[in-house]
Amino acid sequence: MALQFYGKDPDCPGNNCPAVFRDEETGDVYFQGETVVDPALLARLSENCGISDSESVVKLPARMAEMIVEACRAGAVV
């Protein structure tokens, strides 16, 4: 697996920060962030699409939108 690092939260002071990665072989995108554990929020999020036991909801700050888009567009055929 060849992971490309796209960036971390620019406002994060340490090393354990929300981050964005992309697998260069598959195009899959990986997010490192705060795991959502609030039962009410998880229930609301699962109203449109259930959350399986093998899935997690991860929160990333809106200020990371540009790097998320960049990772998603990388290697895309236009």
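Residues numbered from 1 in each chain as written. Predicted model: local features only at pLDDT ≥ 70, side-chain atom pairs only at ≥ 80, totals over all residues. Heavy atoms only, no water.

Student: Before we move on, could you go through the nonpolar core and cite the residues and values that matter?
Tutor: In a soluble, globular protein the nonpolar side chains are often hidden away together inside. Counting residues in each nonpolar core, the largest one holds seven residues, listed as Tyr6, Val20, Leu60, Met64, Met67, Ala71 and Ala74. Leaving out residues up to four positions away in the same chain, methionine 64 has contacts with Gly7, Lys8, Asp9, Pro10, Pro18, Ala19 and Val20. (Core = buried A, V, L, I, M, F, W, Y, C linked by side-chain atoms within 4.5 Å. Buried < 20%, exposed > 50% of the residue type's maximum accessible area, 1.4 Å probe, protein only. Contact = heavy atoms within 4.5 Å.)

Student: So, the environment of glutamate 55: which residues are in play, and what are the values?
Tutor: Here glutamate 55 is to be found in the loop between helix H1 (39–45) and strand S5 (58–59). At 2.9 Å, the side chain of glutamate 55 and the backbone nitrogen of serine 52 are in polar contact. (Helix = DSSP H or I, 4+ residues; strand = E, 2+ residues; numbered from the N terminus. Polar contact = N/O pair within 3.5 Å; in protein donor to acceptor, adjacent residues only side chain to side chain.)

Student: Before we move on, can you summarise the side chain of aspartate 23 with the specific residues and values?
Tutor: Tracing the backbone shows aspartate 23 in strand S2 (residues 19–23). Despite its burial, aspartate 23 pairs with no opposite charge, the nearest such side chain being arginine 22 at 7.0 Å. At 2.7 Å, the side chain of aspartate 23 forms a polar contact with the backbone nitrogen of glutamate 25. Here aspartate 23 is in contact with Met1, Ala2, Leu3, Asp28 and Tyr30, once residues within four sequence places are set aside. (Lys, Arg positive; Asp, Glu negative; His and termini not counted. Salt bridge = Lys/Arg side-chain N within 4 Å of Asp/Glu carboxyl O.)

Student: How would you sum up the state of the cysteines? Please name residues and give values.
Tutor: Here a disulfide denotes a covalent bond joining the sulfur atom of one cysteine to the sulfur atom of another. Here the structure, examined in full by the defined rule, presents one disulfide. The disulfide that involves cysteine 12 links it to cysteine 17, with 2.0 Å between the sulfurs. Judged by the torsion about the S-S bond (-80 degrees), the cysteine 12/cysteine 17 disulfide is left-handed. For cysteine 49, which is in no disulfide, the shortest distance to another cysteine sulfur is to cysteine 72 and amounts to 17 Å. Judged by relative accessible area, cysteine 49 falls into the exposed class, the value being 55%. (Disulfide = S-S within 2.5 Å.)

Student: Explain the pattern of salt bridges to me, and be specific about the residues and the numbers.
Tutor: Counted under the stated rule, the structure contains two salt bridges. Where arginine 63 meets aspartate 9, a salt bridge forms, and the shortest distance between an N and an O atom there is 2.6 Å. Note that arginine 63 is positioned in the loop between S5 and helix H2 (65–73) and aspartate 9 in the loop between strand S1 (3–8) and S2, a separation of 54 residues in sequence. Classification of aspartate 9 as buried rests on a relative accessible area of 5%. Ionic pairing is found between arginine 63 and aspartate 11, a salt bridge with its closest N-O pair at 3.4 Å. Linking arginine 63 in the loop between S5 and H2 with aspartate 11 in the loop between S1 and S2, this pair joins segments that are 52 residues apart in sequence. For aspartate 11, a relative accessible area of 54% translates into the label exposed. Residues joined by salt bridges that share partners form a network here, namely Asp9, Asp11 and Arg63.

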